[in-house]
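Coordinate inspection notes
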Amino acid sequence: MGTLAENILAEASGKSVSPGEIVYAGVDTAMSHENAALVIRWFREIGRERVWDNEKIVIIFDHRVPAESIKTAEGQKKIRNFVKEQGIKHFYDINTGICHQVLAEKGFSRPGIVLVGTDSHTTTAGAFGAFATGIGATEMAGVWATGRIWFKVPETIKINVEGELSKGVYAKDVILHIIGHLRADGANYMAVEFDGDTIKNMSIASRMVLSNLSMEMGAKVAFVYPDEKTKKWLEERKAKPYRFILPDKEARYVDEYNFDASEITPKVACPHTVDNVKSIEEVEGTEINQAFIGSCTNGRLEDLREAAKILKGRKVKEGVRLIIGPASWEVYRDAMREGLLDIFIEAGGVIINPGCGPCLGAHQGILASGEVAISTTNRNFQGRMGSPESFVYLASPAAVAASAIEGKIADPRKYLR
Amino acid sequence: MGKVWKFGDDVNTDVIYPGYALKVTNPDEMAKYAFAEVYPEFSKEVKEGDIIVAGKNFGCGSSREQAALCLKYVGISCVIAKSFARIFYRNAINIGLPVIELKETDEINEGDELEVDLNEGILRNVTQGKEYKIKPYPEIIRRIIDAGGLINYLKEGKNV
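Residues numbered from 1 in each chain as written. Chains lettered and ligands numbered in written order. Predicted model: local features only at pLDDT ≥ 70, side-chain atom pairs only at ≥ 80, totals over all residues. Heavy atoms only, no water.

Residue and element names in this part refer to chain A. What the domain assignment lists for chain A is domain 1 (4-259) and domain 2 (268-412). On the domain 2 side, the residues contacting the 36 residues of domain 1 number 36 residues. Together domain 1 and domain 2 conceal approximately 2800 Å² of surface at their shared face, both sides included; 56% is due to carbon and sulfur atoms. Applying the counting criterion to the domain 1 and domain 2 interface returns 3 salt bridges. Note that Arg 237 and Glu 330 form a salt bridge whose closest N and O atoms lie 2.8 Å from each other. (Domains from an automatic or database assignment. Contact = heavy atoms within 4.5 Å. Buried area = accessible area lost by both parts, 1.4 Å probe. Salt bridge = Lys/Arg side-chain N within 4 Å of Asp/Glu carboxyl O.)

Printed below as a string of structure tokens:
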């Protein structure tokens with residue numbers, strides 16, 4: 001009689017479960033990026049010689065690639081050595097992409113599994129029906145040592161989205177609209193299930209946007225129900241065995257929200273919180289210095305295609321920096337073959353290698369004081385992308401592309417008629 | 001006993017610990033980055049044993065454990081908030097930094113002296129002469145806290 005979260009945790013813990021209860025679950029996939037260096041430190045301190053299962057640990061370099069400092073280089077070296085020492089099978093160096101995208105591309109994001117990652121946006125894999133959530137480095141060291149983790153069984157909220165999206169409105173606008181309603185802690189400690197025709201009609205890439213950004217309302221996990229599209233993806237990716245686990249019809253939800261997709265317009269999350277959501281008309285004309293298209297939120301092929309539609313044959317406004325970071329090398333290559341990268345270069349954009357750099361202000365496009373950016377990323381916290389005196393607006397790839405052309409926040413719909 | 005540093009709602013991990021400093025591993029250096037960009041005076045003025053008191057959703061955002069570690073390393077003995085973002089909450093427990101959920105944090109003022117007794121489950125505001133009951137933790141959390149964090153807990157040969 002369970003929700004999706006309850007049903008997966010029941011499988012993983014081998015017993016029936018109910019919200020609020022603490023359960024102990026086996027982990028199917030344990031993902032880390034450069035913060036594996038910190039995980040290794042804690043793992044050593046626990047004093048176990050070998051990791052619990054060297055085929056279930058995945059390490060993907062993405063946060064600062066290629067290394068931007070000696071400290072990062074030392075950390076990456078330490079991790080590479082550990083990978084060799086422990087025979088960790090799934091290691092992706094600087095040439096693969098952003099962890100959440102790579103997990104999907106390499107078939108690790110699968111329905112019905114328990115996936116933990118030392119990154120908050122691990123919720124992204126919920127788009128495939130995985131119980132996927134972020135944890136810290138110490139907790140991951142515990143998982144490496146034991147293969148197990150405790151969870152408080154979350155309560156679940158259901159979000160129904162019905163209707164057709166208007167032109168120029170995307171999954172990013174839908175989820176920003178939802179976060180604006182539920183606020184930054186609206187789903188804290190909770191599981192989210194997305195349902196409705198709008199979601200069913202979305203591509204896998206768009207569903208990943210929903211699960212990814214659900215983190216910004218505090219969600220522990222954020223599911224889209226696996227379906228035929230999911231199955232097709234998994235088969236193409238030769239994903240390891242999976243099980244379609246779904247919620248029961250009688251499942252109990254603590255809250256249900258209904259949204260009409262046809263009423264949603266392009267949205268912008270304004271500084272300095274993701275729940276400070278406004279319609280683009282309210283901030284149209286705000287001057288910008290930088291525009292960024294990329295990240296685990298919106299750096300996939302469909303995002304680059306939408307941006308290219310608008311940028312084709314146009315130029316980025318003088319004085320504005322347009323930076324484009326495909327989410328993975330697979331995306332990069334596809335974009336190259338389709339000629340999208342040519343369009344971006346022609347427009348005056350800078351294409352960076354796949355990675356997280358600009359999103360968290362680590363490198364590759366840090367903002368100076370007083371500067372304003374519009375970005376397809378997931379956080380606009382004070383100082384997130386650089387100076388604490390800079391300002392970040394979050395929007396869809398189309399809105400960012402339109403803004404780059406005008407040098408100020410612009411409505412993408414006028415370019416799509 | 002510790003002096004209160006008061007914060008508002010939705011204090012996020014990027015404000016607590018800047019992204020560019022994630023590569024830092026040395027504890028003393030990590031301590032210096034606590035609130036470095038937004039409240040540069042914090043790490044200089046905070047005293048061993050001081051306590052952070054905040055509104056709702058403390059620690060929202062990234063899974064970066066450094067956000068909890070830097071507070072511990074800079075001398076913070078406990079964080080009290082109306083609610084915590086879930087990853088921060090787990091991180092704090094796992095690294096041995098006590099976190100307490102308390103609805104009445106609005107009643108506590110900047111600079112108040114607090115006394116936290118986790119064994120008795122009592123929080124005393126010495127300055128105001130008030131007492132609050134701390135909600136008991138679930139057993140697994142209690143055991144991890146008692147061991148001084150998850151690493152010690154696992155070192156003792158226990159399992160989750």
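On to the nonpolar core, then. Ranked by size, the top nonpolar core spans 108 residues in total, and within it A:Trp144, B:Phe42, B:Ile52, B:Phe58, B:Leu71 and B:Phe88 carry the most contacts. When residues of this core are sorted by domain, at least three fall in each of domain 1 (4-259) and domain 2 (268-412) of chain A. Filtering out sequence-adjacent residues up to four positions away, B:Phe88 remains in contact with B:Ile16, B:Phe58, B:Gly59, B:Ala67, B:Ala68, B:Leu71 and B:Val99. Core analysis: the next-biggest nonpolar cluster, separate from the first, contains 41 residues, A:Leu301, A:Leu304, A:Ile310 and A:Ala404 among them. (Core = buried A, V, L, I, M, F, W, Y, C linked by side-chain atoms within 4.5 Å. Buried < 20%, exposed > 50% of the residue type's maximum accessible area, 1.4 Å probe, protein only.)

Our next topic: the pattern of salt bridges. All told, the structure shown has 32 salt bridges over all chains when counted by the stated rule. A:Lys309 is paired through a salt bridge with A:Glu306; the nearest N and O atoms lie 2.9 Å apart. You can see A:Lys309 and its partner A:Glu306 sitting in helix H12 (residues 301-311), 3 residues apart, about one turn around the helix. Residue class for A:Glu306 comes out buried when judged on its relative accessible area of 17%. Within the structure, one salt-bridge network assembled from shared partners comprises A:Arg64, A:Glu68 and B:Lys23. (Helix = DSSP H or I, 4+ residues; strand = E, 2+ residues; numbered from the N terminus.)

So, on to helix H2 (residues 36-46) of chain A. Because an α-helix completes one turn every 3.6 residues, residues spaced three or four positions apart along the sequence face the same direction. For H2(A), the tally of buried residues reaches 8 of 11 residues, placing the bulk of the element in the interior. Within H2(A), burial applies to A:Ala36, A:Ala37, A:Leu38, A:Val39, A:Ile40, A:Trp42, A:Phe43 and A:Ile46. At its buried positions, H2(A) is contacted by strand S2 (29-32), strand S3 (57-60), helix H3 (70-86) and helix H5 (137-146) of chain A together with helix H4 (66-74) and helix H7 (150-155) of chain B.

On the chain A side, the residues contacting the 47 residues of chain B number 44 residues. For the pair chain B and chain A, the summed buried area comes to about 3900 Å², and 56% of that belongs to carbon and sulfur atoms. Linking chain B with chain A are 5 salt bridges, by the criterion used here. For A:Arg384, the salt bridge goes to B:Asp14, with nearest N and O atoms at 3.1 Å. There are 21 residue pairs in polar contact (both at pLDDT 80 or more) connecting chain B and chain A. Broken down by secondary-structure element, the contributors of at least two residues to the side of chain B that touches chain A are helix H1 (13-16), helix H2 (27-32), H4, helix H5 (86-95), helix H6 (139-147) and H7 of chain B. Examining the composition of the side of chain B that touches chain A, we find that 7 residues originate from one element, H5(B), more than from any other. Each residue belonging to the side of chain B that touches chain A can be placed in one class, and the counts come to 22 nonpolar, 11 polar and 14 charged. (Polar contact = N/O pair within 3.5 Å; in protein donor to acceptor, adjacent residues only side chain to side chain. Nonpolar A, V, L, I, M, F, W, Y, C, P; charged D, E, K, R; others polar.)

A few words now on empty space enclosed by the protein. Residue and element names in this part refer to chain A. All told, the structure shown has 4 cavities of 30 Å³ or more when counted by the stated rule. The space that makes up the largest cavity amounts to roughly 150 Å³. Of the residues that constitute the lining of the largest cavity, the class distribution is 8 nonpolar, 7 polar and 3 charged. Both domain 1 (4-259) and domain 2 (268-412) contribute no fewer than three residues apiece to the lining of the largest cavity. (1 Å grid on protein atoms, 1.4 Å probe; cavity = no way out; pocket = protein on both sides within 12 Å on 5 of 7 lines; lining within 4 Å. Points joined across faces, edges and corners; volume = space filled by probe spheres on them.)

What follows concerns the environment of A:Gly218. Topologically, A:Gly218 is positioned in the loop between helix H8 (204-213) and strand S10 (221-224). Spatially, the C-alpha atom of A:Gly218 lies 24 Å from that of A:Asp197, the residues being 21 residues apart in sequence. A:Gly218 has contacts with A:Ala184, A:Ala187, A:Asn188, A:Tyr189 and B:Arg86, leaving out every residue within four places of it along the chain.

Turning next to the sheet that holds strand S3 (residues 78-81) of chain B. All names here are of chain B. Ordered by their spatial adjacency, 7 strands build an open sheet running S4-S3-S2-S1-S5-S6-S7, and the pairing between neighbours is mixed. If you trace the sheet from one side to the other, it starts and ends with strand S4 (99-101) and strand S7 (130-133), each paired once. The mean inter-strand angle of the sheet, taken between neighbouring strand axes irrespective of direction, is 30 degrees. (Pairing = 2+ DSSP bridges. Axes fitted to C-alpha atoms, helices over the stretch in contact; angles between N-to-C directions.)

Once that is clear, we can look at H4(B). Residue and element names in this part refer to chain B. With respect to burial, H4 is a largely interior element, 7 of its 9 residues being buried. For H4, the set of buried residues is Gln 66, Ala 67, Ala 68, Leu 69, Cys 70, Leu 71 and Val 74. After H4 finishes, the residue Gly 75 shows a positive phi value of roughly 115 degrees.

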